[in-house]
Amino acid sequence: MIEVLRLSHRIRRDIRLSTHVALTSRAFKADKIYYSGQKDSSLENSIKKLNFPIEYVKSPTKLIKESKSTIIHLTMKGDDYKKIIPKLKNENLLIIVGSEKVPVGFYKLANYNISVTKFPHSEAAALAVFLENLKNLK
Ligand SMILES: C[S@@+](CC[C@H](N)C(=O)[O-])C[C@H]1O[C@@H](n2cnc3c(N)ncnc32)[C@H](O)[C@@H]1O
């Protein structure tokens, strides 16, 4: 089971990018997306129309702590994805992507902080590259 957690959704700023994170999750064969931040019925409805599961979580920390999956945090400050991905074969994963600055606590909660290049870019791009490489392992 591959799940994605999109942190800190902001209705006015993030509607397009959060939608793209959800569409990327679906396209690259994740099973579900969670999001935190501002609850957004417009985001939820647009994704539910595609029959892709989306769920708002008030406390992402609680979701992470209660998850039995391996916790992945995508960040440019992490270890190179090419080194880590082979260790993730057949694991259930909860993959965290940020929007605004990610609090340090999430780095500590993650089993792996993983970078897709050391340059800052987009959560949708990082997620697509990570999921595609993960898929190619299996
Ligand atoms: C626009 S970035 C946010 C950068 C933010 N200023 C910070 O300091 O965390 C949004 C998200 O994209 C993802 N991201 C951006 N660049 C990345 C990279 N090189 N590798 C992995 N993930 C990346 C991370 O999940 C990040 O939280």
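Here, the structure is the one placed above.
These lines cover the structure that appears in this document, whether it is placed above or below. (Residues numbered from 1 in each chain as written. Predicted model: local features only at pLDDT ≥ 70, side-chain atom pairs only at ≥ 80, totals over all residues.)

## Topic: the packing of helix H1 (residues 11-27) against helix H2 (residues 41-48)
The N-to-C vectors of H1 and H2 enclose an angle of 30 degrees; their axes lie 10 Å apart at closest approach. As the angle between them shows, H1 and H2 are arranged roughly parallel. Crossing of H1 over H2 shows right-handed handedness. Residues Ile-15, Ser-18, Thr-19 and Ala-22 of H1 touch H2, and the partners they reach there are Ser-42, Leu-43, Ser-46 and Ile-47. Here the contact of H1 with H2 is built from residues that sort into 4 nonpolar, 4 polar and no charged. (Axes fitted to C-alpha atoms, helices over the stretch in contact; angles between N-to-C directions. Helix = DSSP H or I, 4+ residues; strand = E, 2+ residues; numbered from the N terminus. Parallel < 35°, antiparallel > 145°, perpendicular 65-115°, else oblique. Left-handed = near helix turned anticlockwise from the far one by under 90°. Contact = placed C-beta atoms within 7 Å. Nonpolar A, V, L, I, M, F, W, Y, C, P; charged D, E, K, R; others polar.)

## Description of the sheet that holds strand E6 (residues 112-115)
One key point about sheets: their strands pair by backbone hydrogen bonds, in either a parallel or an antiparallel sense. If you trace the 6 strands from one edge of the open sheet to the other, you get E3-E2-E1-E5-E4-E6, paired in parallel fashion. Unpaired on one side and paired on the other, strand E3 (54-56) and E6 mark the two borders of the sheet. Within the sheet, the average angular offset between the axes of one strand and its neighbour, ignoring direction, is 30 degrees. Strand direction decides the pairing type here: strand E4 (residues 70-80) and strand E5 (residues 93-97), joined by 4 bridges, are parallel. Residue pairing in the sheet places Thr-70 in a bridge with Leu-93 of E5. Across the sheet, helix H6 (residues 123-137) touches strand E1 (2-9), E4, E5 and E6, and the angle it forms with E5 is around 155 degrees. (Pairing = 2+ DSSP bridges.)

## Description of the site of the ligand
Taken together, the neighbourhood of the ligand is formed by 17 residues, with Leu-74, Met-76, Gly-98, Glu-123 and Ala-126 sitting nearest. If you list the elements that add at least two residues to the shell around the ligand, you get E4 and H6. Ranked by residues supplied to the shell around the ligand, first place goes to E4 with 3 residues. Broken down by class, the residue content of the shell around the ligand amounts to 8 nonpolar, 7 polar and 2 charged. (Near = placed C-beta within 6 Å.)

## Considering the pairing of E5
Of all 5 residues making up E5, 5 are buried, and the element is well covered by its neighbours. Here E1 pairs with E5 via 5 bridges, running parallel. Bridge assignment links Glu-3 to a residue of E5, and that residue is Leu-94. (Buried ≥ 20, exposed ≤ 12 C-beta atoms within 10 Å, placed from the backbone.)

## What about the packing of H1 against H6?
Two elements in contact, H1 and H6, have axes whose closest approach is 9 Å; the angle formed by their N-to-C orientations is 10 degrees. When the interaxial angle is binned, H1 and H6 end up roughly parallel. Where H1 abuts H6, its residues Leu-17, His-20, Val-21, Thr-24 and Ser-25 lie against Glu-123, Ala-124, Leu-127 and Ala-128. Here the contact of H1 with H6 is built from residues that sort into 5 nonpolar, 3 polar and 1 charged.

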